[in-house]
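Chains, contacts and geometry: an overview
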Amino acid sequence: MKHVALAFLAAALVAMAPAHAQKTAGNVVDDNTINASVKAELAGAKDLEDSQIVVETYKGIVLLAGFLPSQAQKDQAGTIAKGVSSVKSVDNAIAIQAENTAGSKLDDTVTTSKVKAALMDDKDVKSGQINVETKGGIVSLAGFVSGEKMKSRALEVAKAEKGVKSVVDAMYVKPAG
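Heads up: these notes are all about the structure in this document. Predicted model only: the values in this text are computed from it and were never measured.

1. Focus on the overall build of the protein
Within the protein, the secondary structure is distributed over 5 helices and 8 strands. Element order for the protein, N to C, with α for helix and β for strand: α-α-β-β-β-α-β-β-α-β-β-α-β. Each of the 177 residues in the protein was classed as buried or not, and the buried ones make up 42%.

Printed below as a string of structure tokens:
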């Protein structure tokens, strides 16, 4: 059992390595603090407490993704994120999408799994850098990616999957340096 736990930990560290490859230890700590602060503020906000907003941070740049039912909620989330200490900028890529039925939630889970598997199978995509969410057949790809080529390829792969109505590009190419 001990060996399984160590293997799991090693695999997790290897999977996280590409996302942190261009960051110093200080950047990682700062970004984790910003990320946690943004999530806490969003969780405590009226009308957003039950939302499932994806928050990612890279060198002080906050990426918001996922789905909300209204533009007002999307704007509120962006305003909250911008107000958190040490946030340099916010890329608010939240998509507007109404609530799902129970049946469509199951379909969305299957679609998300298929898109994740296709991204993992593609040699030009570092799938560990991309978060996949689906709502009503609309797939959101979010995360800080290493280049335009990978971003474009991920969009192609996701659009080609059966059950995908459209793809929201919530990916952000990491700034150089």
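That shown, we press on.
2. Focus on the environment of Ala 95
Within the element layout of this structure, Ala 95 appears in strand S5 (residues 95-96). Residues Ala 95 and Leu 68, spaced 27 residues apart in sequence, show a C-alpha to C-alpha distance of 6.4 Å. If sequence neighbours within four positions are ignored, Ala 95 has contacts with Gly 66, Phe 67, Leu 68 and Val 168.

3. Digging into the packing of aromatic side chains
Considering all chains together, one arrives at 2 aromatic pairs under this definition. Ring geometry for Tyr 58 and Phe 144: centres 5.6 Å apart, planes at 35°, overall tilted. Separated by 86 residues along the polypeptide, Tyr 58 in strand S1 (residues 54-58) and Phe 144 in strand S7 (residues 138-145) bring together distant segments of the chain. Each of the two residues, Tyr 58 as well as Phe 144, counts as buried. Here the aromatic rings of Phe 144 and Tyr 172 are separated by 5.4 Å at their centres, their planes lie at 70°, and the arrangement is edge-to-face. Of the two residues, Phe 144 is situated in strand S7 and Tyr 172 in strand S8 (residues 166-173); the sequence distance between them amounts to 28 residues. Every member of this aromatic cluster is reached through a ring pair, and the members are Tyr 58, Phe 144 and Tyr 172.

4. A closer look at the sheet that holds S1
Reading across from one edge, S1-S2-S4 is the order of the 3 strands in this open sheet, with mixed pairing throughout. Only two strands of the sheet have a single neighbouring strand rather than two, namely S1 and strand S4 (89-92). On average, each strand axis in the sheet is tilted by 20° relative to the strand beside it, whichever way the strands run. In terms of strand pairing, strand S2 (residues 61-65) meets S4 through 4 bridges, oriented parallel. When the sheet's bridge partners are listed, Ile 61 is paired in S4 with Ser 89. Its contacts with the sheet place helix H3 (residues 71-82) against S2 and S4, and it is angled at close to 160° to S4.

5. Description of the sheet that holds S7
Taken together, 3 strands build an open sheet; the order of strands is S6-S7-S8 and the sheet is mixed. Pairing within the sheet leaves two strands with one partner each, and these edge strands are strand S6 (131-135) and S8. Recorded for the sheet is a direction-independent mean angle of 15° between the axes of neighbouring strands. Summarising the sheet, S6 and S7 pair through 5 bridges and their orientation is antiparallel. Note on S7: the bridge partner recorded for Glu 133 is Ser 140.

Each value, and the rule that gives it
Residues numbered from 1 in each chain as written. Predicted model: local features only at pLDDT ≥ 70, side-chain atom pairs only at ≥ 80, totals over all residues. Heavy atoms only, no water. Helix = DSSP H or I, 4+ residues; strand = E, 2+ residues; numbered from the N terminus. Buried < 20%, exposed > 50% of the residue type's maximum accessible area, 1.4 Å probe, protein only. Contact = heavy atoms within 4.5 Å. Phe/Tyr/Trp six-rings, centres within 6.5 Å; stacked < 30°, edge-to-face > 60°. Pairing = 2+ DSSP bridges. Axes fitted to C-alpha atoms, helices over the stretch in contact; angles between N-to-C directions.

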